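# Fold and contact review
What follows is the residue order along each chain.
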Amino acid sequence: MAVNTTPEAPLPVGEVSRLIGGWIDRLGAVWVEGQITQLSRRPGAGVVFLTLRDPSYDISVSVTCYRQVFDAVADVVSEGARVVVLAKPEWYAPRGQLSLRAAEIRPVGVGELLARLEQLKKALAREGLFAPERKKPLPFLPQLVGLVCGRASAAERDVLENARHRWPAVRFEVRNVAVQGVHAVPQVVQAVKELDALDDVDVIIVARGGGSVEDLLPFSDEQLIRTVAQCRTPVVSAIGHEPDNPLLDHVADLRASTPTDAAKKVVPDVGEEYERVRLLRDRARRCVAALVDREERGLAQALARPSIQDPHRMIDVRTDQVADLLDRARRCLRHQLDRADSELSHTHARVVALSPAATLKRGYAVLQRADGHAVRDPGEVTAGEALRARVSEGEFSVRVDT
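Residues numbered from 1 in each chain as written. Predicted model: local features only at pLDDT ≥ 70, side-chain atom pairs only at ≥ 80, totals over all residues. Heavy atoms only, no water.

## A word on the overall build of the chain
In terms of helices and strands, the chain carries twelve helices and 13 strands. Based on the C-alpha atoms only, the size of the chain along its principal axes is roughly 195 × 75 × 35 Å. Looking at the chain residue by residue over its 402 residues, the buried ones come to 31%. Only carbon and sulfur atoms are counted for the fraction: they give 55% of the accessible area of the chain, which is about 25700 Å². In the chain, which carries 55 positive and 56 negative side-chain charges, the distance between the mean positions of the two groups comes to 2 Å. (Helix = DSSP H or I, 4+ residues; strand = E, 2+ residues; numbered from the N terminus. Buried < 20%, exposed > 50% of the residue type's maximum accessible area, 1.4 Å probe, protein only. Areas by Shrake-Rupley, 256 points an atom, 1.4 Å probe, with all protein chains shown as cover. Lys, Arg positive; Asp, Glu negative; His and termini not counted. Charge placed at Lys NZ, Arg CZ, Asp CG, Glu CD.)

## Re the side chain of S220
If you trace the backbone, S220 turns up in the loop between β8 (203–208) and α6 (222–229). Judged by its relative accessible area of 5%, S220 is buried. Of the polar contacts made by the side chain of S220, one reaches the backbone nitrogen of L247; its length is 3.1 Å. Excluding its chain neighbours within four sequence positions, the residues that come into contact with S220 are L117, L120, I225, P246 and L247. (Polar contact = N/O pair within 3.5 Å; in protein donor to acceptor, adjacent residues only side chain to side chain. Contact = heavy atoms within 4.5 Å.)

## Considering the nonpolar core
Grouped together as the largest cluster of nonpolar side chains are 29 residues, with contacts concentrated most on V148, V188, V206, F219 and L248. Listing elements by their share of this core, those giving two or more residues are α3 (110–126), β6 (144–149), α5 (184–197), β8, α6, β9 (235–239) and α7 (248–251). A per-element tally of this core places α5 first, with six residues. When near neighbours in sequence (up to four residues on either side) are disregarded, V188 contacts V148, V177, A178, V206, F219 and L224. Membership of the second largest hydrophobic core comes to 20 residues, among which are W167, V203, V236 and A256. (Core = buried A, V, L, I, M, F, W, Y, C linked by side-chain atoms within 4.5 Å.)

## Description of α6
Listing the buried residues of α6 in full gives L224, I225, T227, V228 and A229. Structurally, the start of α6 carries an N-cap: the backbone nitrogen of Q223 is 2.9 Å from a side-chain oxygen of D221.

## Focus: the sheet that holds strand β5 (residues 97–107)
Spatially, β1-β2-β3-β5-β4 is the arrangement adopted by the five strands of the closed barrel, whose pairing is mixed. For this sheet the average axis-to-axis angle between neighbouring strands, irrespective of direction, equals 55 degrees. Taken together, the four bridges between strand β3 (residues 59–66) and β5 define a ladder with parallel strand orientation. By the bridge assignment for β5, S62 is matched with S99. (Pairing = 2+ DSSP bridges. Axes fitted to C-alpha atoms, helices over the stretch in contact; angles between N-to-C directions.)

## Observations regarding the pairing of β8
Most of β8 is tucked away: six of the six residues are buried. Of the two faces of β8, both are covered, the one formed by V203, I205 and A207 as well as the one formed by I204, V206 and R208. The pairing of β6 with β8 spans four bridges and is parallel. Across the sheet, L147 pairs through a bridge with I205, a residue of β8. Summarising the sheet, β8 and β9 pair through five bridges and their orientation is parallel. Note that in β9 the partner of I204 across the bridge is V235.

Everything listed is a geometric property; what it means functionally is a separate question.
Spelled out as structure tokens, the structure:
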């Protein structure tokens, strides 16, 4: 329960320490898993002191136990070993220190480690961290390669020598870290984050030589797996040998069986690329030569056609045809004009023969009344009426007698 205090009524340090001790005593005994980082067994002392550390979160707690408790596992437990401890939290009030009083210590066996790794693998797979669609392709020719490995290790030497042998111009940004033990996980995580934050780094290689299951355990740590999954830079896992399969292999964008294999998969071989360029260049030359030959044959066939060799031949042939057609048209038109002229002459003769002027020339006359109407019936005129007579050469006046 919370304690009510004010600036005017504070609690003494001893009271606070006593209250903390009371709260911790109510926790009871718990099973705790961790890695032994420090172990102190003083000759003749009845108490063994050790430090239990969580490598994933870099948190440690002091543990004490009676010698007979530790002697039961002394042959199989040493610094760096992972253990499960049944302990009760204790608060040392005079110094304000928390520790665990161990009543039983059990080493974590390989079978149990593998079972826990399998459970973690399934849990991470359900989250989709191992999904193929999450994996990023590696660049064809990385200019700067990030390398996370042990200091002066065989893995570092294999990667650098093989990569520079394949492509001498490749550059490396190396981060030397602990690759086993209690400091491995935080250092590897920090190195991966630093390299991923560099814009010039094109790909990151995490490399380590072979080892036991316990030695490779840091590369199956959940914190490291999630860090790699969040990287924007492609990550290559090169841990151990071919049979080794830490969880880092599943989350990485590419798995290499060994550090040497990682160098071969990340950096192209300059000789192979030069040969590939030569082959492609030869292929391009052959394709261009074949295209030119095909076009030359097509051009030769086109030039061999009669229409190209004698382009005026068709025009000359058509000229004679046009001349013949023109003469025929002229003859037809001349014949039609002659026939039309003859018909016009006959028609004109008939019109002239039938015209009133021709009749008047034969001696006939036309009588017209004063209003201009021609007289056709004697009954139309009266005695003494003045008429006009029209003949072929002119006209004159007449008067009706009776």
